[in-house]
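Here's the letter readout for the chains.
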Amino acid sequence: MIRFENVSKAYLGGKPALQGLNFHLPVGSMTYLIGHSGAGKSTLLKLIMGMERANGGRIWFNGHDITRLSRYEIPFLRRQIGMVHQDYRLLPDKSIIENVALPLIIAGIHPKEADVRALAALERVGLRERAKHLPSYLSGGEQQRVDIARAIVHKPQLLLADEPTGNLDDALSLDIFSLFESFNQFGMTVLIATHNISIIQQKPKPCLMLENGYLR
Ligand code: ADP
């Protein structure tokens, strides 16, 4: 599904964030991207999302070179990807269901249909009963699940997560990783960036280890 060929990225005026990366994520795989803060994890995810551009090399998504997409083509790429954030990014004055339905509304889906799909996504993260609540009524772990529901509401082929358990304790983190595993068992390709090595040792899966922009 994703292939990196000799990919490098340096931010303007900064030292290289990623250097000569080569790897392949097959369709239906689940992979942890591990590295300390500053190792380049977010940058790697942003390159896949088309939020940053590589300075060298090629990135293939389902056989298409996405390093050369125009800004008009990038929205089509993003429709195939879901992104989970560390800091949830929920709109505080919108209900849970409105938060989850938002990407569908933006994509032009009829609001009634968007609500049906948002409820189904909330069901998959165990929060259907909380649909009408505001985010502030939910715990941190529940808000993270809402962010996950919003990331899968458009049924992406690829799910990316950037430190999805950064604000959670170990027990909640394990629950969240199990949730990603359940999506993967239904065929979604999953890539999770985390520095939480002790947790993923309890959940052995293929790993990419990043250190100062290099894959080890
Ligand atoms: P991680 O997600 O593993 O913490 P990042 O990808 O955020 O790592 O950062 C990798 C390197 O790139 C770091 O040295 C960071 O300071 C730098 N960096 C990240 N984003 C930017 C940016 N927008 N501008 C300049 N440098 C950046």
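Criteria and cut-off values
- Residues numbered from 1 in each chain as written.
- Predicted model: local features only at pLDDT ≥ 70, side-chain atom pairs only at ≥ 80, totals over all residues.
- Heavy atoms only, no water.
- UniProt positions renumbered as here; feature names shortened; annotations may be inferred.
- 1 Å grid on protein atoms, 1.4 Å probe; cavity = no way out; pocket = protein on both sides within 12 Å on 5 of 7 lines; lining within 4 Å.
- Points joined across faces, edges and corners; volume = space filled by probe spheres on them.
- Nonpolar A, V, L, I, M, F, W, Y, C, P; charged D, E, K, R; others polar.
- Helix = DSSP H or I, 4+ residues; strand = E, 2+ residues; numbered from the N terminus.
- Contact = heavy atoms within 4.5 Å.
- Expected span 1.5 Å × (residues − 1).
- Buried < 20%, exposed > 50% of the residue type's maximum accessible area, 1.4 Å probe, protein only.
- Arc of directions from axis to C-beta.
- Phe/Tyr/Trp six-rings, centres within 6.5 Å; stacked < 30°, edge-to-face > 60°.
- Lys NZ or Arg CZ within 6 Å of the ring centre and 35° of its normal.

Looking at an unreviewed UniProt entry, one finds the chain named Cell division ATP-binding protein FtsE and attributed to Bisgaardia hudsonensis. What UniProt states about the chain under its Subunit (unreviewed entry) heading is, verbatim, "Homodimer. Forms a membrane-associated complex with FtsX."

Section: empty space enclosed by the protein
This model, assessed by the stated rule, comprises 1 cavity of 30 Å³ or more. Its volume calculated, the largest cavity comes out at about 70 Å³. Residue lining of the largest cavity: Leu47, Gly50, Glu52, Arg53, Ala54, Ile59, Ile66, Thr67, Leu69 and Ile74, and that is the complete set. Along the lines of polarity and charge, the residues of the lining of the largest cavity split into 6 nonpolar, 2 polar and 2 charged.

Concerning the environment of Leu215
The topology assignment puts Leu215 in strand 10 (residues 214–215). When the C-alpha atoms of Leu215 and Leu33 are compared, they prove to be 9.8 Å apart, with 182 residues separating the residues in sequence. With residues up to four places along the chain from it excluded, the contact list for Leu215 reads Leu21, Asn22, Phe23, Leu208, Met209 and Leu210.

Some points on the layout of surface pockets
Considering only enclosed or pocket space, the largest pocket measures out at about 870 Å³ in volume. Contributing to the lining of the largest pocket are 26 residues, with Met49, Arg78, Ile81, Met83 and His85 lying nearest its centre. Looking at the lining of the largest pocket, the elements with two or more residues in it are helix 1 (41–49), helix 2 (74–78), strand 6 (81–84), helix 3 (96–106) and helix 5 (140–152). A per-class count over the lining of the largest pocket returns 11 nonpolar, 5 polar and 10 charged. One number sums up the size of the second largest pocket: a volume of about 230 Å³. Lining the second largest pocket are Arg117, Ala120, Ala121, Arg124, Ile152, Val153, Lys155, Pro156, Phe183, Phe186, Gly187 and Met188. With 4 residues, the top contributor of residues to the lining of the second largest pocket is helix 4 (residues 111–124). For the lining of the second largest pocket, the per-class residue count stands at 8 nonpolar, 1 polar and 3 charged.

Let's talk about helix 4
For helix 4, built from 14 residues, the straight-helix expectation of 20 Å at 1.5 Å per residue is met to within 8% by its first-to-last C-alpha distance of 20 Å. Residues of helix 4 that are buried: Ala114, Ala118, Ala121 and Leu122. Across the axial projection of helix 4, the buried residues extend over an arc of 100°, all falling on one side. The outward face of helix 4, more than 90 degrees from its buried face, is lined by the exposed residues Lys112 and Val116. Directly beyond the C-terminal end of helix 4, a positive phi value near 75° is found at Gly126.

Comments concerning the packing of aromatic side chains
With the rule as written, the count across this model stands at 2 aromatic pairs. Seen in terms of ring centroids, Phe4 and Phe23 are 4.4 Å apart; in terms of plane orientation they differ by 25°. Their pairing is stacked. Taken together, the positions of Phe4 in strand 1 (residues 2–10) and Phe23 in strand 2 (residues 16–25) put the pair 19 residues apart, joining distant regions of the chain. Like Phe23, Phe4 is buried. When the centroid spacing of 5.4 Å and the interplanar angle of 90° are considered together, the rings of Tyr32 and Phe177 count as edge-to-face. Highlighted residues: Tyr32 in strand 3 (residues 30–34) and Phe177 in helix 6 (residues 170–185), separated in sequence by 145 residues. Relative accessible area serves as the criterion here: at 0%, Tyr32 is assigned to the buried category. The ring of Tyr11 carries the charged tip of Lys9 above its face, separated from the ring centre by 5.1 Å. The ring of Phe76 has Arg79 sitting right over it, with the charged end atom 5.0 Å from the ring centre.

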